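In case you want the letters, here they are:
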Amino acid sequence: MNQFQGLTTDDISGFEEKYAGSALCRAMTNALYKHSVKDAAFCHAGLASSQYAFSIDIPTLPVTNQKASGRCWIFSALNVLREVTAKKCNLDKFELSQNYTAFWDKFEKANYMLESIIDLADRSVDDRTVCHILSEGVGDGGQWDMFVNLVEKYGVVPKSAMEETYQSSNTRDMNALLNSRLRLCAAKLRETVRNGGDAHAEKKEMMADIYSFLCMCFGKPPKTFDFEYVDKEKKYHVVRNLTPKTFYEEYVGLKLHEDYVSIINSPTEDKPFGKSYTVDYLGNVAEGAPVRYYNLPMDTLKGLIICQLSGGEVVWFGSDVGKYGERDMGLWCTECYDFEGTYGMQFDMEKGAGLDYRESAMNHAMVITGVDLDEEGKALKWKIQNSWSDEHGEKGYYLMSADWFDRYVYQAVINKKYLTKEQLEEAAQEPVHLNPWDPMGTLAR
């Protein structure tokens, strides 16, 4: 028997009396009859600091559009890489194929999921880790290290070599069907293990069907292609018979695994600063490097981001864009909404508590391209390249206020040359293992 306490009619009568006696409640009841809870709480005072002017502003190519998909991490990472290609080839418009990278991500995630099921086959089907893997399935999300694994194994190609399809841009129904197939495969593999059969051999046969399904949805990834482009001077170029790996080596060439580190700001008791972390059963390429994070205080992380921007290099980062956002204006600003004053009650939690109680977590990846600094070098606002088309904000570029950035930015990828020797040593430590459902893994789901 539980010890739960119910609410009596006397309790409810008291609540009714409190509501009826509140002028604020009466006013908001009328306002909310025709307006959303966000619109009613909008505060114009936050617009005063939303001018698109920045002391550091790195010129970048036009924004991209992930459409009805959750491939933000792929779009933003490829947007970082394409800047290198654009400089080498003198281009003012260029995209790398998001579809190509997404194909191999889905393929590798399917294999990773089935390998995880085999690894956990001795556990009950209602084991929390098994349940987590089955319920999450294979989605559009991902992490920086997962992107690096894909680039190292498969390279990249220009968008012209593998264009978008309806399925790559509208992934919901395809994902549902793919996961139905994978759960069917999971049930069969668990039975094979119980019966002493060769589950890995059976899994390979299953992956042949997964490959075919993905080719139907995305198209078949190219093994070779010709790279044709016209530069800013209107001069035509063509390089023939490239492979995805040779294209990457010649036209990008960044050493992603060796030169970059993924830094988080998670001010929670279970993640002391100055240590490295990894999330169990989170990944895509089975033989690739695990997802790793190095946890630092926010002021330290911001300092590293500013150093990288000052060096002329944009920054891939992850944040929670579901909070205090005005999409049409392209603005994330805590001062733009006064929920507490509007509704007479507190809603916000501190950053650490928000993570612990699942109120907030990373759900979108973008690129930082600029920052406005005061006389002391303190960030006042940030310029963000999004992947939601050019119909919002300043032709698809967004602005983040300083307070919003501190509260809802959780991760950034930094070139190791900006870290101190001590930081590099800490980042290289054996990582602490986090549960598969840890908030730091949400962007990848």
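Before reading on, note that the structure itself is shown above.
Overview of the structure. Quick caveat: nothing in here was measured; it's all calculated off a predicted structure. (Residues numbered from 1 in each chain as written. Predicted model: local features only at pLDDT ≥ 70, side-chain atom pairs only at ≥ 80, totals over all residues. Heavy atoms only, no water.)

Description of the environment of Gln-98
- On the secondary structure map, Gln-98 appears in helix α5 (residues 98-119).
- On the basis of relative accessibility, which here comes to 1%, the residue Gln-98 falls in the buried class.
- Along the sequence, Gln-98 and Thr-300 sit 202 residues apart, while their C-alpha atoms lie 32 Å from each other.
- There is a polar contact of 3.0 Å between the side chain of Gln-98 and the side chain of Glu-95. (Helix = DSSP H or I, 4+ residues; strand = E, 2+ residues; numbered from the N terminus. Buried < 20%, exposed > 50% of the residue type's maximum accessible area, 1.4 Å probe, protein only. Polar contact = N/O pair within 3.5 Å; in protein donor to acceptor, adjacent residues only side chain to side chain.)

Description of the nonpolar core
- Grouped together as the largest cluster of nonpolar side chains are 126 residues, with contacts concentrated most on Leu-81, Ile-305, Trp-382 and Met-400.
- Sort the elements by how many residues they give to this core and α5 lands first, with ten residues. (Core = buried A, V, L, I, M, F, W, Y, C linked by side-chain atoms within 4.5 Å.)

Quick look at the pattern of salt bridges
- Taken as a whole and assessed by the stated rule, the structure comprises 17 salt bridges.
- Across the pair Lys-109 and Asp-105 runs a salt bridge whose closest N-O atoms are separated by 2.8 Å. Here Asp-105 and Lys-109 lie together in helix α5, a separation of four residues that amounts to about one turn.
- Accessibility expressed as a relative area gives 2% for Asp-105, which makes it buried.
- Taking the shortest distance from any N to any O, the salt bridge between Asp-127 and Arg-123 comes out at 3.4 Å.
- When its relative accessible area of 35% is taken as the criterion, Arg-123 is described as partly exposed.
- Several salt bridges share partner residues, and in doing so they unite Glu-108, Lys-153 and Glu-287 into one network. (Salt bridge = Lys/Arg side-chain N within 4 Å of Asp/Glu carboxyl O.)

Overview of the packing of aromatic side chains
- In total, this model carries 30 aromatic pairs according to the counting rule given.
- Put simply, the rings of Phe-42, Tyr-324, Trp-332, Tyr-337, Phe-339, Trp-388, Tyr-398, Trp-404 and Tyr-408 touch in pairs and so form one group of aromatic residues.
- The ring of Trp-388 carries the charged tip of Arg-327 above its face, separated from the ring centre by 4.1 Å. (Phe/Tyr/Trp six-rings, centres within 6.5 Å; stacked < 30°, edge-to-face > 60°. Lys NZ or Arg CZ within 6 Å of the ring centre and 35° of its normal.)

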